[in-house]
Amino acid sequence: MDSFRDRLETIDAFQDEFWVRCPRCQARAIVRCLTDEPVSLFAPRRIACGQCGFSNNWNSTAIARDWHGAPTDWYFRYPLWLQTPCCGEILWAYNPRHLDWLADFVEAKLRSPHPDPQRGWSNRSLAARLPKWMQSRKNRAAILQAIAQLRQSY
Ligand SMILES: [Zn+2]
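Nothing here was measured: the structure is a model prediction, and the numbers come from that model.

Calculation rules
Residues numbered from 1 in each chain as written. Predicted model: local features only at pLDDT ≥ 70, side-chain atom pairs only at ≥ 80, totals over all residues. Helix = DSSP H or I, 4+ residues; strand = E, 2+ residues; numbered from the N terminus. Expected span 1.5 Å × (residues − 1). Buried ≥ 20, exposed ≤ 12 C-beta atoms within 10 Å, placed from the backbone. Arc of directions from axis to C-beta. Pairing = 2+ DSSP bridges. Core = buried A, V, L, I, M, F, W, Y, C linked by C-beta atoms within 7 Å. Domains from an automatic or database assignment. Contact = placed C-beta atoms within 7 Å.

Caption draft 1: Expanded view of helix H5 (residues 140–151). With 12 residues, H5 should reach 16 Å at 1.5 Å per residue; the first-to-last C-alpha distance of 17 Å fits that figure. Those residues of H5 not exposed but buried are Ile143, Ala146, Ile147 and Leu150. Seen from one end, H5 has its buried residues packed into an arc of 100°, which puts them on one side. Exposed and facing more than 90 degrees away from the buried side of H5 are Ala141, Ala148 and Gln149.

Shown next as structure tokens:
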């Protein structure tokens, strides 16, 4: 199943915050939604860098959401902060919560071939979207190592 509603719930899981590389100083900058409730896909966004003070606003009606393209945020298209080579691919996450979810998913694969029923529908949808190399048990150790490495960057 891949209904529009499912996709929205999937997006809602992690799209409220993107950690990216600042275009001016290369430090970590954060893209956040400017409205609180509900977090809408097309609500205004703002990027802010705590290092150099760079900031910019996004107000548009089109986003660049590509699950198979280069790992960037959907609004400004800056490279994600949390990305690293892994298994000949790029392991990436939008933010630490997303990275935690990936770690949980990869670890859970060892315990059970089925998703945890405690996790929401949105997370199951997201799991179904993960590339095959991330779902392969033989890559599990390498993926967890890459995640541990990324966690040292924040
Ligand atoms: Zn900066």
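Caption draft 2: Structural context of the pairing of strand S2 (residues 28–33). Of the two faces of S2, only one is covered, namely that formed by Ala29, Val31 and Cys33; the face formed by Arg28, Ile30 and Arg32 stays uncovered. With five bridges connecting them, strand S1 (residues 17–21) and S2 associate as antiparallel partners. Bridged to Glu17 within S2 is Arg32. What sits between the antiparallel neighbours S1 and S2 is a turn of six residues, in which Gln26 has the positive phi angle 70°. Looking at chain direction, S2 and strand S3 (residues 45–49) are connected through five bridges and run antiparallel. Along S3, the bridge assignment pairs Val31 with Ile47.

Caption draft 3: Geometry of the nonpolar core. In terms of nonpolar packing, the biggest core is built from 24 residues, with Trp19, Val20, Leu80 and Leu82 touching the most fellow members. Of all the secondary-structure elements, those providing two or more residues to this core are S1, S2, S3, strand S5 (82–86), strand S6 (89–93), helix H2 (96–111) and H5. Both domain 1 (14–81) and domain 2 (83–151) contribute no fewer than three residues apiece to this core. Setting aside chain neighbours within four positions, we find Leu80 in contact with Phe18, Trp19, Val20, Pro71, Thr72, Asp73, Trp92 and Tyr94.

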